[in-house]
Amino acid sequence: MTDAAPLLRRLAGRRLLARAVILFEALWPALWPPFAVVGVFLCAALLNLPPLLPAWLHLALLVLVLLAFGGLLFRGLRGIRVPDDQAADRRLERHSGLIHRPLSVLTDKPATPDSVGLALWHAHAARAIAQIGRLHVGLPQPGLARRDKRALRYALLLSLLAALAIANFDAPARLYAAVTPSLPVLPGAPATQLQAWITPPAYTRIAPIFLKPEGGNVSVPAGSHLTVNVSGGSSTPALSLNDRAGHFSALDHNSFQAEQELTRGGLLLVKRDGATLAAWTLTVVADQPPMVAWGDRPGRPPSGQQTRLPWDVSDDYGVTALQAELRLRDRPEAPPLVVTIPLPGGSPRSAHGLSQPDLTAHPWAGLPVVGRLIAHDFPGQTGTSADATFDIAERPFHNPVARMLIAARKSLSVHPDDRGDALGVLDGLMQQPEVFTGDLGAFLNLSGIYYGLVRNRAGSAVPEAQDMMWELALHMEEGQTEQSARSLEEARQAARDAMDKAQQQPNDANRADLAKKLEELRQAIDRHMQALLEEAQRNNSMMPFDPKAMQLSDRDMDRLAERAEQSAKEGRMADAQRQMAELERMLDQLRNARVQGGDSKQANSKRQRGKRQQSVVQDLIAREGGLLDHAQRRGDLNPSAEAADPAAEREADSRVQQALRRALGELMQQFTDLTGEASPGLGEADQAMRDSASQLNQGLDQDAGQSQQEAIAALQKGNREMGQAMAKQKGSQSGEGEEGDDEDGSDGAMGMMTMPDGQRDGHGMGPLPGSADRADPNGRDPLGRYNQGTSSDNTDVTVPEERERQRTQAIQEELRRRGAEQERPRQELDYIDRLLKQF
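Residues numbered from 1 in each chain as written. Predicted model: local features only at pLDDT ≥ 70, side-chain atom pairs only at ≥ 80, totals over all residues. Heavy atoms only, no water.

**Some details on the overall build of the protein**
A count of helices and strands for the protein gives 21 helices and 18 strands. Looking at the protein as a whole, 40% of its 839 residues qualify as buried. Nonlocal contacts in the protein, meaning residues at least 24 apart in sequence, comprise 70% of its contacts between residues at least 6 apart. As displayed, the protein has an accessible area near 46,100 Å², and 54% of this comes from carbon and sulfur atoms. (Helix = DSSP H or I, 4+ residues; strand = E, 2+ residues; numbered from the N terminus. Buried < 20%, exposed > 50% of the residue type's maximum accessible area, 1.4 Å probe, protein only. Contact = heavy atoms within 4.5 Å. Areas by Shrake-Rupley, 256 points an atom, 1.4 Å probe, with all protein chains shown as cover.)

Structure representation (structure tokens):
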């Protein structure tokens, strides 16, 4: 029996396998019906059919499938029993072809226990054990084919595979939707939600700060606004900051809101029904006053007539205003002179710069003052600098009468109650009427100033007299023509500014202001032309002119100004801009036609100023390049990534662009004053900068970049034109001679006046301003009109009186003839009438 042990272990394994086969043959027929129900449902689920049903029908289908599955499963499993060893032995004997149940010998015992019987039994058992090695379990035969004669099980399997292929990657989602019907959810009790944020003051330019519900530490600027919203629940929450209670107001039956201005920090709590909903520790940062200091060397510059006001300012959230308060050093009780200093970029947090106002017309010009800077921030706090003592820049005067008037004017500024010194100067001038060279109007003005100070002892008489002294000094130094030219330039600049404002902010008010400025410009043109005519009559000749300039007519300029004014009133800004540009061109020709001159010292100063102006152009090119880099970088951003930072940068670039354009305008004016020529390139750069600023305001980075490229190219062109103009002036001045000092010790050398055609007079000297020899050798006046003759350079040549009389009579007759033609424009007739009054 020892050798039979392995066979018996093998028999145990065969029995286990046989029982499993028997159990499967019983289970499979029982499980097939419920599995078939599940298979049909899976096919429908993969085709996404159950979600198409109404919610209640979908739910009913799920219940029906579950009931069918459970009922069929219970019915099939109800009669199944786990097979024992005898059933396993019978299957092994049947499938192995054994007869007479030989495996039962292993469990049976002999009926007679005698030795012969036992021997026979053992021999029989040995033969049975020997047959174990030939035992076979056989394949399972559940007999499902007998029950499913139409093979519907294969059709179901094929349908499942097809539905799975149709569903593809959506299969999991469709199966989930099939077992989760969309049943209506009953409204439950709303959960408590809390939202809190702090809005800093607008001037800080800080975005709202949202407080985390879990709490934490938060720092905010003073003056911030706290807002807390609580939704859910019916009881009113409570707000407290350092045990100081706040108030919640009900928005609806379960929403509440509280607001509070934050002036101090502490522990901020939100509670409801005794429970803490949220807690934060707030730190309120107080706004610091601005800091301001003087820069290097304020006061009178080494050269020039503009007072230097260098400044350096900073503030935690931005400086809103900056001004210089100047007090007369020798009379500190006098009301201060307050000079507003423009700030770059609106309200910078930190900036430095140099303001150079022209204070030459102020009575304190040339006197020492004690100045301090005052900066203001948004909350109204002020910061002051240390005091600095310096002199206000003054205009140099060369005319002896003008010098004496300015000296008397200064004495009145220092000692307004002691008019003796000033009256002594004025009286001395009145005793020398010959110094006015026949200028009766100037002498009468001097008399009016003198008697005004003598008879009017009121304090207001001194400022009035000082203003009259200034105007009289300018008149003696420059003459009426130069004053009207300066007024014309001021009117031009005002019209330019009004045009820019009307284009950037088109509205009725700006258009009306533009029309007003154009009317003032037209009046300034009339006054200047009148001054030119009066000067020509005094000199018995026409003023020098540029023969290369186009022929001009004050009638044409008057007509253009009137058309531009009408276009502005009617809102046709494009026409107004075009007409204004044409008027500017004609005025530039008129200004360029006036001969500019000076001595060699002035020529050197001009060259130095020209070099500095070209350096400014290089700086403008560099700064414009920086704006172009910004625009190109913003253009490379993905539109989906566009956020607040590019918008803030674009706004800052627009302010910088406008500042660069203002600087360019000042440079153009200074260069024109220096050379008498306008640079077309700088004019093109001005237009490109204006387009760039407008496009930046509209968010058009690509267009702004194109305009900035055009501005850079135009600036480079203008720089070349400036160099050419300075080189031309240097060449025309290379042969200038010098004379000795005049009798009064002032510089008597007058630089050679550069004529347009390069010619000079026979003495090697240009004609003096206001002299009778300032006539054009080609016979045209500054307006391009032909003259009947020119005056001689020699004082010993007299013009025949009869010839002058005949020429005057011819001019009068022609003017009267034209004035009689009523079909001519009204402006032309008015102009002719003004000319006739001169005769």
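**As for the packing of aromatic side chains**
In this structure the tally under the stated criterion is 7 aromatic pairs. Plain terms: the ring middles of W294 and F390 are 5.6 Å apart, the flat faces sit at 75° to each other, and that makes the pair edge-to-face. Placement of W294 in strand β11 (residues 291-294) and of F390 in strand β18 (residues 388-391) is noted, with a sequence separation of 96 residues between them. On the basis of relative accessible area, W294 is assigned to the buried category, the value being 15%. On the accessibility criterion, F390 (5% relative accessible area) is buried. Summarising the aromatic geometry, the rings of F397 and W470 are spaced 5.8 Å apart at their centres and angled 90° between planes, so their arrangement reads as edge-to-face. Taken together, the positions of F397 in the loop between β18 and α8 (400-414) and W470 in helix α11 (residues 461-478) put the pair 73 residues apart, joining distant regions of the chain. The residues F397 and W470 share a single accessibility class, namely buried. (Phe/Tyr/Trp six-rings, centres within 6.5 Å; stacked < 30°, edge-to-face > 60°.)

**Brief notes about the sheet that holds strand β7 (residues 249-252)**
Spatially, the 5 strands line up as an open sheet ordered β2-β1-β4-β8-β7, and their pairing is antiparallel. Strands at the two margins of the open sheet, each flanked by one partner only, are β2 (209-211) and β7. The mean inter-strand angle of the sheet, taken between neighbouring strand axes irrespective of direction, is 25°. Where strand β1 (residues 193-199) and strand β4 (residues 224-231) come together, 7 bridges link them in antiparallel fashion. Its bridge partner lying in β4, T199 is registered against H225. (Pairing = 2+ DSSP bridges. Axes fitted to C-alpha atoms, helices over the stretch in contact; angles between N-to-C directions.)

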